[in-house]
Amino acid sequence: MHETQGTGAAATDISTQDMIGVADIGVVGLAVMGENLVLNMEGRGFTVAVFNRTVARVDDFVDGRAAGLRIVGARSPEAFVRALKPPRRVLMMVRAGDPVDQTIEHLLPYLEPGDILMDGGNSHFADTERRAALLRERGLLYVGTGVSGGEEGALHGPSIMPGGHAEAWPHVGPIFQAIAARVADGTPCCDWVGAGGSGHFVKMVHNGIEYGDMQMIGEAYALMRGALGFTPERMSEVFARWNEGRLDSYLVEITARILATKDDATGVPMVDVILDTAGQKGTGKWTSTTALDLGVPAATIAEAVFARCMSALKDERVTASGVLAGPDAAWQGDADAFVADLELALYASKICSYAQGFSLMRLAAVEYGWQLDYGRVAQMWRGGCIIRAAFLDDIKAAYDASPLLPNLLLAPFFRDALAGAQGAWRRVVGAAVTLGIPVPAFSSALAYYDGYRSERLPANLLQAQRDYFGAHTYERVDQPRGKFFHTDWTGEGGDTASTPYTV
Ligand code: 6PG
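Reading the values: the criteria
Residues numbered from 1 in each chain as written. Predicted model: local features only at pLDDT ≥ 70, side-chain atom pairs only at ≥ 80, totals over all residues. Heavy atoms only, no water. Buried < 20%, exposed > 50% of the residue type's maximum accessible area, 1.4 Å probe, protein only. Helix = DSSP H or I, 4+ residues; strand = E, 2+ residues; numbered from the N terminus. Pairing = 2+ DSSP bridges. Near = heavy atom within 4 Å. Polar contact = N/O pair within 3.5 Å; in protein donor to acceptor, adjacent residues only side chain to side chain. Areas by Shrake-Rupley, 256 points an atom, 1.4 Å probe, with all protein chains shown as cover. Axes fitted to C-alpha atoms, helices over the stretch in contact; angles between N-to-C directions. Contact = heavy atoms within 4.5 Å. Phe/Tyr/Trp six-rings, centres within 6.5 Å; stacked < 30°, edge-to-face > 60°. Lys NZ or Arg CZ within 6 Å of the ring centre and 35° of its normal.

Before going further, it helps to examine the pairing of strand β4 (residues 89–92). By the alternation rule, side chains of β4 split into Arg89 and Leu91 and Val90 and Met92, which are all buried. In terms of strand pairing, strand β1 (residues 25–28) meets β4 through three bridges, oriented parallel. Bridge pairing links Val27 to Leu91 in β4. Pairing geometry for β4 and strand β5 (residues 116–119), over four bridges, is parallel. Looking at the pairing, Leu91 lines up with Met118 of β5.

Have a look at this one:
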């Protein structure tokens, strides 16, 4: 156990060590992701120039982890750019937001037309679109690339999702594909995603799905703990077993490991000493707000974000737990059968969450004019990234067979998987409701499934209500789509109807 805190090392005034035109690529930003990507690139035979705003960090890195390697430390943006072979390839690994704009500003005076600037942080795709347009005016190429896999992935092989100016791809593709993770047949988990902010969009959806996966795993844990009274050790065995089947994935694998880990100080399972308040950096929220903006039902992903918000209300929850009544029911039945149901509930919910993420990408591609290849996206996520999972092969196969698939749920493989799992899924959600154990992701995924397969939803009544109180009009079942009608429900409304518009 160690406590972490921010450091604020001051810049040193060490003189610039000039090395001209020697480096294949430059990386700005030597936090752990940046450092590890640099080491990964160097390990694959590339010479890498590095720069960090706090120059002491360059020295520490060059004298430490990078000692003896083909890594050139630069102490000013100018020396950094000069160290690069043209066309210069610069990867920014700095925090999303203002730091990216500031880094661009610092580098711009030294870059030349045809040079390539890349952002490997978790930037919002709209910022990437804006920056790409700006740099295009200056004759530079811009790439916004998602990089997933955490520290370990960055060092040994991340999933990389680049998008932006396509002319950059031949120059950066060989480096990115050399350092990326690979699927079993050797295909790299990195491919050109598309224009503008599409690379960062795909990474954002990856993170939204990551939120969903983590929440659903948490709900399975909560049910085994709350309903079955399983110990962390026993749950660890269940997750390890699940990891050998249809749920084979990085997040299930690490969950098994986490549940088996004890706190050094107390000997208590680690999971029991960690406070139940979740943090978040905002990419799940972006996925959800984007889904709302585009009118895509992605409620399971949004529920996962809201579940983190609910967890953060720790003090209020502690108070409410002594005030608000829950059911008296205790779980009864066969624990093994329930665990088997739970595996299917988790699998089915996961399919729905991914279906939402892929639908969001499909709608965004139409909205922003991107050509996305969903099979290739699934392949990029197959290795290296946090959501890597065996079932991404099935998603790839579904989109390869039917690239225009309107929804993943309709692919024969997933249609059949859901038909097979739905009985177990409904039993699990029913048990959770009866026992008062919150399962927002499981239940919202089930509602998504039931909603999507409903020929008729109660929106007819809702339209009647809108028309009743605000003359908002409705379409009729016996008239062509696009013709709107208004009824004078009270006899006092007259004929005036509202025109359709969105605020
Ligand atoms: C990845 C992750 C990463 C993300 C962290 C933390 O793909 O490597 O998605 O990009 O920043 O998982 O995210 P939260 O703090 O929002 O949980």
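In this section: the site of the ligand. Taken together, 13 residues surround the ligand, and among them Ser148, Lys203, Glu210, Tyr211 and Arg308 come closest. Note that an oxygen atom of the ligand is positioned 3.0 Å from one of the backbone N or O atoms of Gly149. With respect to the ligand, the side chain of Arg308 contributes an N or O atom lying 2.8 Å from an oxygen atom. When the ligand is considered free in solution it has 420 Å² of accessible area, and contact with the protein chains removes 80% of it.

An order of β3-β2-β1-β4-β5-β6-β7 is seen for the seven strands of this open sheet, with the pairing classed as mixed. What marks the edges here is a single partner per strand, and that holds for β3 (71–73) and β7 (159–164). Neighbour to neighbour, the strand axes of the sheet diverge by 25° on average, direction disregarded. Two elements, β1 and strand β2 (residues 48–51), share four bridges in a ladder whose sense is parallel. Residue pairing in the sheet places Val27 in a bridge with Val50 of β2. Against the sheet, helix α4 (residues 98–107) engages β1, β4, β5 and β6 (141–148), with an angle of about 155° to β4.

Turning our eyes to something else, we now look at the packing of aromatic side chains. Taken as a whole and judged by the stated rule, the model has 22 aromatic pairs. Ring geometry for Phe125 versus Trp370: centroids 6.2 Å apart, planes at 85°, classification edge-to-face. In this pair, Phe125 sits in helix α5 (residues 125–137) while Trp370 sits in the loop between α15 (335–368) and α16 (374–380), placing the two residues 245 residues apart along the sequence. Aromatic ring contacts, followed pair by pair, group Tyr347, Tyr354, Phe391, Phe413 and Phe414 into a single cluster. Lying across the ring of Phe230, Arg234 places its NZ or CZ 3.9 Å from the centre.

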